[in-house]
Amino acid sequence: MTHPSCTFTRAITRRPAPSIVDGLRAEDIGTPDLDRMLADHADYVAALKSTGAEVIELPPLDAFPDAQFVEDTALCLPQGAVLMRPGAPSRLGEVAEMEPTLAACHGDLRRIEGPGFVEGGDILVTGREILVGRSARTDAAGVAELAAIASDWGHSLREVQTPEGVLHFKTDCSLLEPETILATRRLAASGCFDGYKVLHVAEGEEAAANLIRFNDLVIMPAGFPRTAEMLEREGFTVTRIGNSECAKLDGGMSCLSLRFWG
Ligand code: CIR
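No experiment lies behind these values; they were computed from the predicted model shown.

Turning next to the UniProt feature "binding site: substrate" (unreviewed entry) in the protein chain. Residues annotated by UniProt as "binding site: substrate" (unreviewed entry) correspond here to Leu24, Asp66, Glu71, Asp72, Arg91, Arg137 and Leu249. Residue contacts for Asp66: discarding those within four places in its chain leaves Gly23, Leu24, Arg91 and Glu94. Residue position: Asp72 is located in the loop between β2 (54–58) and β3 (74–77).

What follows is the structure, encoded as structure tokens:
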């Protein structure tokens, strides 16, 4: 598998800070425990590194309780990177914190200037296009700005809809191979993946839909055995990572890294 949608030489992560207790969440299902989150985060970084990729590990940012969810701050493509403009006001400042690292890694660094908003969690890059889900965090003006940059770089971008009440588009889907998507039934039913091969997460395991294909591994949250076994039957090598604490902040496997080639 050498397509840039699944194959990466580098990733950027950020260690969680004590301020995670103030992180955004749709529903209060308990206070996240920092030690447990740090241990899971270390396992996640180790899994990325085990594929041979270099991982740039950024220090905690106590001023930004959601800063470990680095994916939302940027989109990395083979041609360059785009700094996002998060729709959550408390997260806007995370972008400037990410900028120097991305500037050092990418020759062409663009940005969503606004007034629109886009968060990286709403963007799925497949083997043939960039899908961007409109959501409470990503609006039409933000998508239009991103589409212009994507077009400059020769990509086609398609606007889709994140399901009502779901935080991000990728909360409900992931790329497994350039033309193969894992999705919840509620998202796939919208028809947005017509033409792709679609595998469904097991019923009751909807939270398994946010995973990453990273080189030879599928890195998924622990605790979803039927979906994991289905993926193994399909021939994927699955690594399970504890996600109990990030889940309390609506975070999952994709949010914890920015992944790119170069
Ligand atoms: C937030 O609400 O922004 C964070 N608590 C969770 C962000 C998760 N990011 C992602 O799915 N890409």
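This part is about the confidence of the model for the protein chain. Here the protein chain shows a mean pLDDT of 97. Residues at 70 or above account for 99%. The complex prediction reports pTM at 0.97, with the ipTM value standing at 0.98.

As a further point, take the site of the ligand. Looking at the ligand, there are 14 residues lining it, with Asp66, Asp72, Arg91, Arg137 and Leu249 nearest. Within the side chain of Asp66, one N or O atom sits 2.8 Å away from a nitrogen atom of the ligand. At 2.8 Å, a side-chain N or O of Asp72 approaches a nitrogen atom of the ligand. If the ligand stood free it would expose 350 Å²; the protein chains cover 98% of that surface. Residue composition of the shell around the ligand, by class: five nonpolar, three polar and six charged.

Turning our eyes to something else, we now look at the side chain of Asn243. Note on placement: Asn243 falls in the loop between β14 (237–241) and α6 (244–247). Since its relative accessible area comes to 13%, Asn243 is described here as buried. In this view, Asn243 contacts Asp40, Pro221, Gly251, Gly252 and Met253; residues no more than four positions away in its chain are not counted.

Next up on the list: helix α1 (residues 34–50). The end-to-end C-alpha distance of α1, which contains 17 residues, comes to 24 Å, matching closely the 24 Å that a straight helix rising 1.5 Å per residue would cover. Among the residues making up α1, those that are buried are Met37, Asp40, His41, Tyr44, Val45, Ala47 and Leu48. Each buried residue of α1 sits inside an arc of 155 degrees when the element is viewed along its axis, so together they form one side. More than 90 degrees from the buried face of α1, the exposed residues found are Asp35 and Ser50.

A word on the side chain of Glu205. On the secondary structure map, Glu205 appears in the loop between β11 (197–200) and β12 (212–214). Among the polar contacts listed, one links the side chain of Glu205 to the backbone nitrogen of Arg226, at a separation of 3.2 Å. Dropping the residues within four chain positions of it, Glu205 is found in contact with Phe224, Pro225, Arg226 and Thr227.

This part covers the pairing of strand β9 (residues 173–177). Along β9, four of the five residues are buried, which leaves the element largely enclosed by surrounding structure. Across four bridges, the pairing between β9 and strand β10 (residues 180–183) is antiparallel. Looking across to β10, one finds that Glu177 is bridged to Thr180. The antiparallel hairpin formed by β9 and β10 contains two residues in its connecting segment.

To continue, consider the pairing of strand β7 (residues 130–134). Along any regular strand the residues' side chains alternate between the sheet's two faces. Across the five residues of β7, four count as buried, placing the element largely inside the fold. In this structure, strand β6 (residues 123–125) lies alongside β7, joined through three bridges in antiparallel fashion. Directly across from Val125, in β7, lies its bridge partner Ile130. Joining the antiparallel neighbours β6 and β7 is a turn of four residues. For β7 and strand β8 (residues 157–161), the ladder comprises five bridges, and the chain directions are parallel. The partner of Ile130 across the bridge, within β8, is Leu157.

On to the nonpolar core, then. The nonpolar side chains of soluble globular proteins are, as a tendency, buried together. Core analysis: the biggest nonpolar cluster contains 21 residues, and Tyr44, Leu48, Phe69, Ile212, Phe214, Ile219 and Ile241 have the highest contact counts within it. When residues of this core are traced back to their parent elements, those giving at least two are α1, β12 and β13 (217–221). With five residues, α1 is the largest single contributor of residues to this core. When sequence neighbours within four positions are dropped, the list of residues in contact with Ile212 reads Tyr44, Leu48, Leu217, Val218, Ile219, Met253, Ser254, Ser257 and Arg259. The next biggest cluster of nonpolar side chains, apart from the first, holds 15 residues, and it includes Leu176, Leu182, Leu199 and Met220.

About the cut-offs
- Residues numbered from 1 in each chain as written.
- Predicted model: local features only at pLDDT ≥ 70, side-chain atom pairs only at ≥ 80, totals over all residues.
- Heavy atoms only, no water.
- UniProt positions renumbered as here; feature names shortened; annotations may be inferred.
- Contact = heavy atoms within 4.5 Å.
- Helix = DSSP H or I, 4+ residues; strand = E, 2+ residues; numbered from the N terminus.
- pLDDT = per-residue confidence, 0-100.
- Near = heavy atom within 4 Å.
- Polar contact = N/O pair within 3.5 Å; in protein donor to acceptor, adjacent residues only side chain to side chain.
- Areas by Shrake-Rupley, 256 points an atom, 1.4 Å probe, with all protein chains shown as cover.
- Nonpolar A, V, L, I, M, F, W, Y, C, P; charged D, E, K, R; others polar.
- Buried < 20%, exposed > 50% of the residue type's maximum accessible area, 1.4 Å probe, protein only.
- Expected span 1.5 Å × (residues − 1).
- Arc of directions from axis to C-beta.
- Pairing = 2+ DSSP bridges.
- Core = buried A, V, L, I, M, F, W, Y, C linked by side-chain atoms within 4.5 Å.

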